[in-house]
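# Coordinate analysis (summary)
Chain residues, written in single-letter form:
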Amino acid sequence: VQLQASGGGLVQAGGSLRLSCAASGRSFSSYMMGWFRQAPGKEREFVAASSWSGGSEYFADSVKGRFTISRDNAKNTVDLQMNSLKSEDAAVYYCAATFRGLYWDFVRGRRIDYWGQGTLVTVSS
């Protein structure tokens, strides 16, 4: 089982990037899937998630209105569209998945079943 994140890069402040996480090895339709990030010298923090039951999306306050999350269960992918990027969005972004994960745990990084490798987002001012 593997989560493969991609799409990071260098972008100017105000610009956009789209991150993608491809899951392999099993169906992730029953998994809560989402994204975390970690900036240098800071703890990893929750960014966004898509519920396994469908229909619910969760965002950190710092990205609400700028980031969107979408998943395609047929393709086992979850994407993070990041708009109006700020310097404080620069970080290594990690995708994560938890079988029938609950928001309360997932947002705190608890009981995460799978982590992807990080993809670096750099924002230039």
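Residues numbered from 1 in each chain as written. Predicted model: local features only at pLDDT ≥ 70, side-chain atom pairs only at ≥ 80, totals over all residues. Heavy atoms only, no water.

### Some points on the overall build of the chain
- Assigned secondary structure in the chain consists of one helix and 11 strands.
- N-terminal to C-terminal, the α/β element order of the chain is β-β-β-β-β-β-β-β-β-α-β-β.
- Its C-alpha radius of gyration of 13 Å places the chain within 12% of the 14 Å reference for a compact globule of 125 residues.
- For the chain, the spread of C-alpha atoms along the principal axes amounts to about 40 × 25 × 25 Å.
- Taken over 125 residues, the chain has a buried fraction of 43%.
- Surface accessibility of the chain: about 6400 Å² in total, with carbon and sulfur atoms responsible for 46%.
- Placing the 14 positive and 10 negative side-chain charges of the chain at their respective mean positions leaves the two points 3 Å apart. (Helix = DSSP H or I, 4+ residues; strand = E, 2+ residues; numbered from the N terminus. Rg over C-alpha atoms; globule rule 2.2 N^0.38 Å. Buried < 20%, exposed > 50% of the residue type's maximum accessible area, 1.4 Å probe, protein only. Areas by Shrake-Rupley, 256 points an atom, 1.4 Å probe, with all protein chains shown as cover. Lys, Arg positive; Asp, Glu negative; His and termini not counted. Charge placed at Lys NZ, Arg CZ, Asp CG, Glu CD.)

### With respect to the sheet that holds strand β3 (residues 17-24)
- Strands sit in the order β1-β3-β8-β7 across an open sheet of four strands; the sheet is antiparallel. At either end of the open sheet lies a strand with only one pairing partner, and these are β1 (2-6) and β7 (67-72). The mean inter-strand angle of the sheet, taken between neighbouring strand axes irrespective of direction, is 15 degrees.
- The pairing of β1 with β3 spans five bridges and is antiparallel. Opposite S6, over in β3, you have S20 as the bridge partner. (Pairing = 2+ DSSP bridges. Axes fitted to C-alpha atoms, helices over the stretch in contact; angles between N-to-C directions.)

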